[in-house]
Structures are given as C-alpha cells and as structure tokens.
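# Examining the three-dimensional arrangement
Okay, here's what each chain looks like letter by letter:
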Amino acid sequence: RGAKMEDIIFAGSDSRKPLNVAEVTITLDNEDQFLPLDYQEVSITRRVYRSGESEFFINKQPCRLKDIVDLFMDSGLGKEAFSIIGQGRVEEILSSKPEERRAIF
C-alpha cells in the first residue's frame, strides 16, 4: 500500500525508466440507464501525475471529481463502498455467465 497517490506511479527498474503518470479506467455497463447518462457504457478515468495533480474523465471527457461523486450519488457506489471477495472467487466471477453472476451478488 502506498502512503500517497504518487506511490502508485511506476518508479522504474534496472531495464525500464520511471514514469511520471499512472492512469486507471473502470467501464460500467449502463444499458439499464442506472446512471443518469445517455450512454450504454460509462467509463470513469483518473490520471495521477508524480507532481500530485490528478485529472478525471467521464467517457474521455475532462470533468471534476465532484462530477464523478455526483454521478454515483445514491447508487451504492462511492469511495466508502467496498466488497471483500475471497481468493479464487475473482476467477469464478470473471468466467461466469451473467445469470450466474447475479446469483453470486
């Protein structure tokens, strides 16, 4: 675990140079319009720079962190929401059919 966000940025190795940015994107199925956006899929991206600055995107469009928080308001998803999944269950979930996945959750 890192003490600060910059700790997640690749620091380099013997054969590779360090990077100055890290980025993560989560893509959610929104066919049922659960999230109040007119898109079938919604992608949320955060880009963190070694300087400590961050950029946020919804479907590749720049936005504020507040916009993302507001998007997930009352959805059950947010920075305080989490789940604990046992080792081995991740593979089961990823390789299961949608009907089987519903039973797991």
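Heads up: the structure comes first, above all this text.
So, a few notes on the structure that sits alongside this text. (Residues numbered from 1 in each chain as written. Predicted model: local features only at pLDDT ≥ 70, side-chain atom pairs only at ≥ 80, totals over all residues. Heavy atoms only, no water.)

### Looking at unusual backbone geometry
For the record, the criterion: Strands here mean DSSP runs of E at least two residues long; helices mean DSSP runs of H or I at least four residues long; both are numbered from the N terminus. The buried label goes to any residue with under 20% of its type's maximum accessible area, the exposed label to any with over 50%, and the partly exposed label to all in between, with areas taken from a 1.4 Å probe on protein chains only.
The residue Asn59 is not glycine, and still its phi comes out positive at about 50°. Here Asn59 shows up in the loop between strand 3 (54-58) and strand 4 (61-63). Of note in this structure, Lys60 is not a glycine but carries a positive phi near 70°. For Lys60, the location among the structural elements is in the loop between strand 3 and strand 4. With a relative accessible area of 74%, Lys60 lands in the exposed category.

### Points about a negative patch on the surface
Which entries qualify depends on this criterion: Only residues above 30% relative accessible area that lack a salt bridge enter a patch, with like-charged residues linked at up to 9 Å and the nonpolar side chains Val, Leu, Ile, Met, Phe, Trp and Tyr linked at up to 5 Å. Areas reported as accessible are Shrake-Rupley estimates using a 1.4 Å probe. Residue values count occlusion only from the protein chains shown. What makes a salt bridge here is a side-chain nitrogen of Lys or Arg within 4 Å of a carboxyl oxygen of Asp or Glu, nothing more. Positive charge is attributed to Lys and Arg, negative charge to Asp and Glu, and no charge count is given to His or to the chain ends. For the purpose of locating charges, the reference atoms are NZ of Lys, CZ of Arg, CG of Asp and CD of Glu.
Taken together, the side chains of Asp29, Glu31, Asp32 and Glu41 define an acidic patch exposed on the protein surface. Position of Asp32 among the secondary structure elements: in the loop between strand 1 (21-29) and strand 2 (41-49).

### Focus: the environment of Leu65
Topologically, Leu65 is positioned in helix 1 (residues 65-72). With eleven residues separating them in the primary sequence, Leu65 and Ser54 have C-alpha atoms 9.2 Å apart.

### Some words on the pattern of salt bridges
This structure, assessed with the given rule, holds four salt bridges. Its salt-bridge partner being Asp67, residue Arg64 comes within 2.7 Å of it at the nearest N-O pair. Here Asp67 falls in the partly exposed class, since its relative accessible area comes to 25%. Two residues, Lys66 and Asp70, come together in a salt bridge whose shortest N-O distance is 2.9 Å. A residue pair is termed a helical-turn pair when its members lie 3 or 4 positions apart in one helix, as Lys66 and Asp70 do in helix 1 at four residues.

### Some details on the environment of Asp29
Filter applied, for reference: Any N or O atom pair separated by 3.5 Å or less is treated as a polar contact, with the protein-specific requirement of one donor-capable and one acceptor-capable atom, and with residues adjacent in sequence counted only for side-chain atom pairs.
Inspection of the secondary structure assignment puts Asp29 in strand 1. Put simply, Asp29 and Glu41 are twelve residues apart on the chain and 4.7 Å apart in space, counted from C-alpha to C-alpha. In this structure the side chain of Asp29 is engaged in a polar contact, spanning 2.9 Å, whose partner is the backbone nitrogen of Glu31.

### Some words on the nonpolar core
The following threshold applies: For this analysis, a nonpolar core means a set of buried residues of the types Ala, Val, Leu, Ile, Met, Phe, Trp, Tyr and Cys, connected via side-chain atoms within 4.5 Å. Any pair of residues with heavy atoms lying within 4.5 Å of one another is described as a contacting pair.
Residues Leu35, Val42, Ile44, Phe56, Ile58, Cys63, Ile68, Leu71 and Phe72 constitute the largest nonpolar core, which totals nine residues. With three residues, the top contributor of residues to this core is helix 1. When near neighbours in sequence (up to four residues on either side) are disregarded, Leu71 contacts Leu35, Pro36, Leu37, Val42, Ile44 and Ile58.

That's the geometry; what it means functionally is another story.
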